[in-house]
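Fold and geometry: a report
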Amino acid sequence: MDNVIRRRTPGARLARAVLYAVLIVMGLVYLLPLLIMLLTSIKPLDEIGAGTLLALPENPTLAPWITAWGEACTGMRCEGVGGYFWNSFAIVIPAVAISTVVGALNGYALTKWRFRGSELVFALMLFGCFIPFQVVLLPMAQTLGWLGLSSSRAGLVLVHVVFGIAFTTLFFRNFYVAVPSELVSAAKLDGAGFFRIFWRILLPVSAPIIVVSVIWQFTQIWNDFLFGVAFSAHDTQPVTVALNNLVNTSTGVKEYNVNMAAAMIAALPTLVVYVLAGKYFVRGLTAGSVKG
Amino acid sequence: MSALEIREVRKDFGSTRVLKDVSLAIDSGEFLILVGPSGCGKSTLMNAIAGLEPVTDGQILIGGDDITWRTPAERDIAMVFQSYALYPSMTVRQNIAFGLEMRKVPKPEREQAVERVADLLQITHLLERKPAQLSGGQRQRVAMGRALAREPQIYLFDEPLSNLDAKLRVEMRTEIKKLHQRLGTTIVYVTHDQIEAMTLADSIAVMRDGHILQLGSPDEVYNDPVDMFVAGFMGSPSMNFITATLEGQVGDYRLRIETPGEEALVLPWPGNRVTAALAGRLNQPVVLGLRPEHLSEQDARLEGQQEGTLLEARVTVVEPTGADILLRLPLGEGEITARVGPKCPAAAGERLALRVDMSRAVLFDPDSEGRLA
């Protein structure tokens, strides 16, 4: 916010106008790809070939969306991306829930029940945030095989939980380190145990960091392609993999409108999550820095 | 049987020994204050009693039971924290009842206990509020209410007043004393404020570097300190330490104090305060401990009737506090503080005669800082 009091001179007004003009132009530039995707997805195929990218559709149609959802060919099958969309949810929801709960418990234990070497444990977990995914593809495939989870949704959930825990632990640990430890001491004296203190004392004040963890994990896991393509079978593929298959299917003409519609469908949930909870995301990220 | 007994407790953090064979015992209903500078181990000792820090060695007994290795919950103690540590998501009512709820006390009894302590601490109108909606003094009361609701054998107070402003601190201090008189509870109270220690305690343990230097009543600790540290720590303004030479002969000692630019002052040491330790210090330097109130102004009306030796010096600073006046004047190698009455006509730069009450003076060994007489 601009809290500086100053005289409104013509020069200041001009500067302000230029500032807003630049901001609006930059905003439009960033919105342009989304706009083109949206416009293309509701145009019939012949209009795409004839007109320019930015031309408004003459005969807007939802047919590409319907095709993308239920009829488009992804590789050998032609069932659209709809089924894979639900696949993604079936993977993302348990993976987000489990990694958030485990991260919260880790953060709680690492800050409020310190033990010999707890700092080392945290440092090693932090290391997990920096491991490139490609490095673990083979060992992970082997592990999933041993566990009998190859090509299953449960296997993908496990992979995402394992990778997500590094981040969620970091979030919760940094949040809980700012919660006074005397609260835990008081609760111990009052007779509460490990889980009771977590449930009754820590969790009720954790809403901001839970939102951060959920948004972060949801976005990461929903957008994942590499693990999805490596560890899934045909019927357990997430929507990102299906989208890739749909776009790369080489039979017939390229249906750009269908491709765009499918891409929009695949991107929609993360957009919705961010729009709904975005302000809590920012609030949660800065929660530790301001004294409550 | 003592309400609380600590036997040779040791506590190491890594290679640092924070508590060095601490032993003490208090009776039921006693108000014990642990006092000392930061880092003296008083808070560690309190956490050891609470069970929040395991001890390295030694025993802790409550009501005769060895509880050294029991969990905090199993010790039947309650604690009031410096930051109050109120559960932020719960109302005042839930905060107070939480300990009873964890101990599976039935709801009607819980409600009764909440009403009882709320009434006692006059916080009934705050019961439905969250801690964030309370002022510092109100949070302090709620923190005490949470401890009182459980009626434990021992209450622990960890610097409970240090986050309050000066006025409220004095009020709450009185309130805590009243509560103790009324309920007859056993309290262990940690503070670094020697005035809190003097005003509240039945007994004071002065700690330094993990040791208890002296354990005694406020009167003993104030008037009969074991060493220069205790003497200097208790009392405000603190005790004057003046280097002097012990002269005379066994049984009839005098203290000679040389002040640059002044005639040497010779003070007779009271015959009834002579100890055997003095004989070995003859003609050697000793440290004379004089509290500011042991130096008083001459009262013209009592001329010739007052006891004590006269000391004359040039006043350097006059500090009126309202109730009395603090004077700074040179004596020996440094300056000393005298506490005189509010009507004393002292002015900076002028010479003033003061009476020295030697009957309450103390002598220390300048090397070991231990007490000589």
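Residues numbered from 1 in each chain as written. Chains lettered and ligands numbered in written order. Predicted model: local features only at pLDDT ≥ 70, side-chain atom pairs only at ≥ 80, totals over all residues. Heavy atoms only, no water.

Some thoughts on the domain arrangement of chain A
Residues and elements named next belong to chain A. Quick note on the threshold: Domain delimitation in this document rests on an assignment produced automatically or drawn from a domain database. What counts as buried area is the accessible surface, traced by a 1.4 Å probe, that two parts surrender upon association, with contributions from both included. Here a salt bridge means any side-chain nitrogen of Lys or Arg lying within 4 Å of a carboxyl oxygen belonging to Asp or Glu. Within 3.5 Å is the distance limit for a polar contact, defined as a pair of N or O atoms, with the added protein rule that one can donate a hydrogen and the other accept it, and that residues adjacent in sequence qualify only through two side-chain atoms. Only DSSP runs of H or I reaching four residues or more are called helices, and only runs of E reaching two or more are called strands; each is numbered from the N terminus. In the scheme used here, Gly and all other residues not listed as nonpolar or charged are polar, with Ala, Val, Leu, Ile, Met, Phe, Trp, Tyr, Cys and Pro taken as nonpolar and Asp, Glu, Lys and Arg as charged.
Domain parsing of chain A yields domain 1 (10–64) and domain 2 (82–289). Between the C-alpha centres of domain 1 and domain 2 the distance comes to 33 Å. Summed over both sides, the interface of domain 1 with domain 2 buries roughly 840 Å², with 84% coming from carbon and sulfur. Of all residues in domain 1, M37, L45 and P64 give up the largest surface area on contact with domain 2, accounting jointly for 58% of the area buried on that side. In this assembly, domain 1 and domain 2 are joined by 0 salt bridges. The interface formed by domain 1 and domain 2 contains 1 residue pair in polar contact (both at pLDDT 80 or more). Every element with two or more residues in the side of domain 1 that touches domain 2 is listed here: α1 (10–41) and α2 (45–50). Here the side of domain 1 that touches domain 2 takes 5 residues from α1, the largest share from any one element. When the residues that make up the side of domain 1 that touches domain 2 are grouped by side-chain class, the tally is 7 nonpolar, 2 polar and 1 charged.

Regarding the packing of aromatic side chains
All names here are of chain A. The condition is simple: Each Phe, Tyr or Trp ring, with Trp reduced to its six-membered ring, pairs with another whose centre is within 6.5 Å; inter-plane angles below 30 degrees give stacked pairs, above 60 give edge-to-face pairs, and intermediate values give tilted ones. For each residue, the accessible area found with a 1.4 Å probe, counting protein chains only, is set against the maximum for its type, and the residue is called buried under 20%, exposed over 50%, and partly exposed in between.
Enumeration according to the criterion identifies 26 aromatic pairs over all chains in this entry. Plain terms: the ring middles of F85 and W86 are 5.3 Å apart, the flat faces sit at 80° to each other, and that makes the pair edge-to-face. Given the relative accessible area of 10%, F85 is considered buried. Where F133 meets F163, the ring centres are 4.7 Å apart and the plane angle is 65°; that geometry is what we call edge-to-face. Separated by 30 residues along the polypeptide, F133 in the loop between α5 (118–127) and α6 (137–147) and F163 in helix α7 (residues 153–176) bring together distant segments of the chain. A network of ring pairs unites the aromatic residues W69, F85, W86, F89, F218 and W222 as a single cluster.

Focus: the domain arrangement of chain B
Each assigned domain of chain B is listed with its residue range as follows: domain 1 (4–226) and domain 2 (240–364). Domain 1 of chain B and domain 2 of chain B are separated by 40 Å when their C-alpha centres are compared.

Thoughts on the pairing of strand β4 (residues 57–62) of chain B
Residues and elements named next belong to chain B. Using the following cut-off: Strands are labelled as partners when DSSP assigns at least two bridges between them.
Taken together, the 5 bridges between strand β1 (residues 4–13) and β4 define a ladder with antiparallel strand orientation. Counterpart to L4 in the pairing with β4 is I62. In this structure, β4 lies alongside strand β5 (residues 65–66), joined through 2 bridges in antiparallel fashion. When the bridges of β5 are listed, L61 appears paired with D66.

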